Amino acid sequence: MYIYSRYCQLSQPRMVSESEPRMLYTDGAAPQGDKESSKTLEGCQVVQDSDHSSHPHEFPEGGFAACATAFGSFLVQFCGFGYTTSFGVYQDFYTQHYLTNETSSAISWIGSLNAFSITAVGLISGLLYDRGYFYHLIITGSLLQSFCLFMLSLSKPDQYYQIFLAQGLGSGIASGLMYVPCMAVISHYFRRRRTLVMTFVASGSSLGAIIHPIMLNNLLNGRLGFANGVRVSAGFVSILLLTACLCMRTRLDPPMTPANYIVAARKCIRDVPFIFMIAGGFFFQTGFYYPLFFFQLDSIKHGISVNFSFYSLVILNVSNFAARVTSGFIAAIIGVPNLTIVATISCGVLTLGMIGLSSLASVVVLGVMYGFFAGLYIAMVAPLLASLTPDLSELGARMGICFFLAGFGSLIGTPISGALLTSNYTWWIPALFSGIVSVTGSMMYFTMRFVFVRRQIREKAYCPT
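Note that this is a predicted model, so its numbers are computed, not measured. (Residues numbered from 1 in each chain as written. Predicted model: local features only at pLDDT ≥ 70, side-chain atom pairs only at ≥ 80, totals over all residues. Heavy atoms only, no water.)

Trainee: For this particular structure, what's the right way to read the nonpolar core?
Mentor: Most often, soluble globular proteins keep nonpolar side chains buried together rather than apart. Y90, Y94, L152 and F226 are the most contacted members of the largest nonpolar core, which has 106 residues in total. Beyond its immediate sequence surroundings of up to four residues, L152 is in contact with Y90, Y94, I163, A166, Q167, F226 and V230. (Core = buried A, V, L, I, M, F, W, Y, C linked by side-chain atoms within 4.5 Å. Buried < 20%, exposed > 50% of the residue type's maximum accessible area, 1.4 Å probe, protein only. Contact = heavy atoms within 4.5 Å.)

Now the structure itself:
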């Protein structure tokens, strides 16, 4: 969330001027005496410190500490958001075996609260990260994630509140505490290779969404059962998070003036393209998680082989992983806003296509295609925000505001779909609802692009250079 803002802040002095002496005395006149000289030197030091990272050779761009930090961030993504997007396995298991007295809507609240908490708590963890609390956030989040998963293993059948607190609330807060810091710390070590490293780190969540479903399906539905199966999963996650904590290190001091969210929020209200982007994110995310949470259960209830259905989420997430890796190359050709529109429209249409899911072939086709376009969308959110931000020093704050507000769509979307599904498993109604709201979101993104392009044309007309 804060990576692009940090990148742009570091790059901004070069864009403004290539002449360093012009920046050295911005706090006052040239030195005229010992006292004034010392003051000026202090001012110079501040500017030099902020300018220090603007030169590529001053970033390590590699080395043991940089690679270890990137690997640790990868593991955090693997154990955090990667575990969240594997909730479809739990949705299936809870519905059929463990929470049989609860509706699909009530069960989906667990996963939706977990997903929403990552973005909502990220708003707070980003502010704390900017104030130098990186290690506090990572260690606290790791301990809380491990604790909540082990507590989940102690939950009893049909005890909804126990699972809701441990998995929905606790695990979501834990992932939210770690999400922003583990991504932002990459900016301490990389500039030229930052996009490449960020792609590697973000792919950790996709790889986690591949490994965790395979592991959980075999543990929960095997000889170990729920309690011991979740304990094995919790132990696996705990070891990886311990490794991540030992690997990650900061290099730079926190910024002297963190972004002011109140000022940024006031500017956002008057930014029409940004408002349409928030609206698009809200509507799209309302339908976005429906396939991720219900795809496996949908396959089983339509008579697809149980063993194959266990791998339906794996098929979807493998395609998602491929999309994230290739998204940068595609965006370079057609542009970030255009790719976002294509991805959201395609996801909406494919969600509507889930109405016709009835065979093994349809599961494979829908899984591969939806996973790919969903991966493109996730990869484009941060670059799209960067392109819509006129003052790049406020990008981190804008991302926090956007993720928080749009995240309410992910909070309410799957519970609504679960309520529409009912106990009779009427699959076409939630698929229709999710598909329509997703397409509505894509229309908001299309309007955003139209308004943004018109604003650019108008600005060029007023300032021809």
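More follows now that the structure is in view.
Trainee: Honestly, the packing of helix α15 (residues 312-334) against helix α17 (residues 360-387) in this entry has me stumped. Any pointers?
Mentor: The axes of two packed helices give the description: the angle between them and the distance between them. Contact geometry of α15 with α17 gives a least axis separation of 6 Å together with a crossing angle of 40°. When the axes of α15 and α17 are compared, the pair comes out oblique. Crossing of α15 against α17: the hand is right-handed. Partitioned by chemical class, the residues of the contact of α15 with α17 number 15 nonpolar, eight polar and one charged. (Axes fitted to C-alpha atoms, helices over the stretch in contact; angles between N-to-C directions. Helix = DSSP H or I, 4+ residues; strand = E, 2+ residues; numbered from the N terminus. Parallel < 35°, antiparallel > 145°, perpendicular 65-115°, else oblique. Left-handed = near helix turned anticlockwise from the far one by under 90°. Nonpolar A, V, L, I, M, F, W, Y, C, P; charged D, E, K, R; others polar.)

Trainee: Is there a simple way to think about helix α6 (residues 87-98) in this case?
Mentor: Helical geometry: 3.6 residues make up each α-helical turn, so side chains three or four residues apart lie on a common side. With 12 residues, α6 ought to run about 16 Å at 1.5 Å a step, yet its terminal C-alpha atoms sit only 14 Å apart, falling short of that. Extensive coverage of α6 is indicated by the burial of 10 of its 12 residues. Within the sequence span of α6, burial applies to F87, G88, V89, Y90, Q91, D92, F93, Y94, T95 and Y98. (Expected span 1.5 Å × (residues − 1).)

Trainee: So what exactly am I meant to see when it comes to the packing of aromatic side chains here?
Mentor: Two aromatic rings, taken as a pair, are described by how far apart their centres are and by the angle between their planes. Applying the stated criterion across every chain yields a total of 30 aromatic pairs. Judged by centre distance (5.1 Å) and plane angle (55°), the rings of F87 and F293 are tilted. With F87 in helix α6 and F293 in helix α13 (residues 272-301), this residue pair connects regions lying 206 residues apart in the sequence. The exposure class of F87 is buried, given its relative accessible area of 3%. Ring geometry for F116 versus F404: centroids 6.2 Å apart, planes at 40°, classification tilted. Highlighted residues: F116 in helix α7 (residues 104-130) and F404 in helix α18 (residues 395-421), separated in sequence by 288 residues. (Phe/Tyr/Trp six-rings, centres within 6.5 Å; stacked < 30°, edge-to-face > 60°.)

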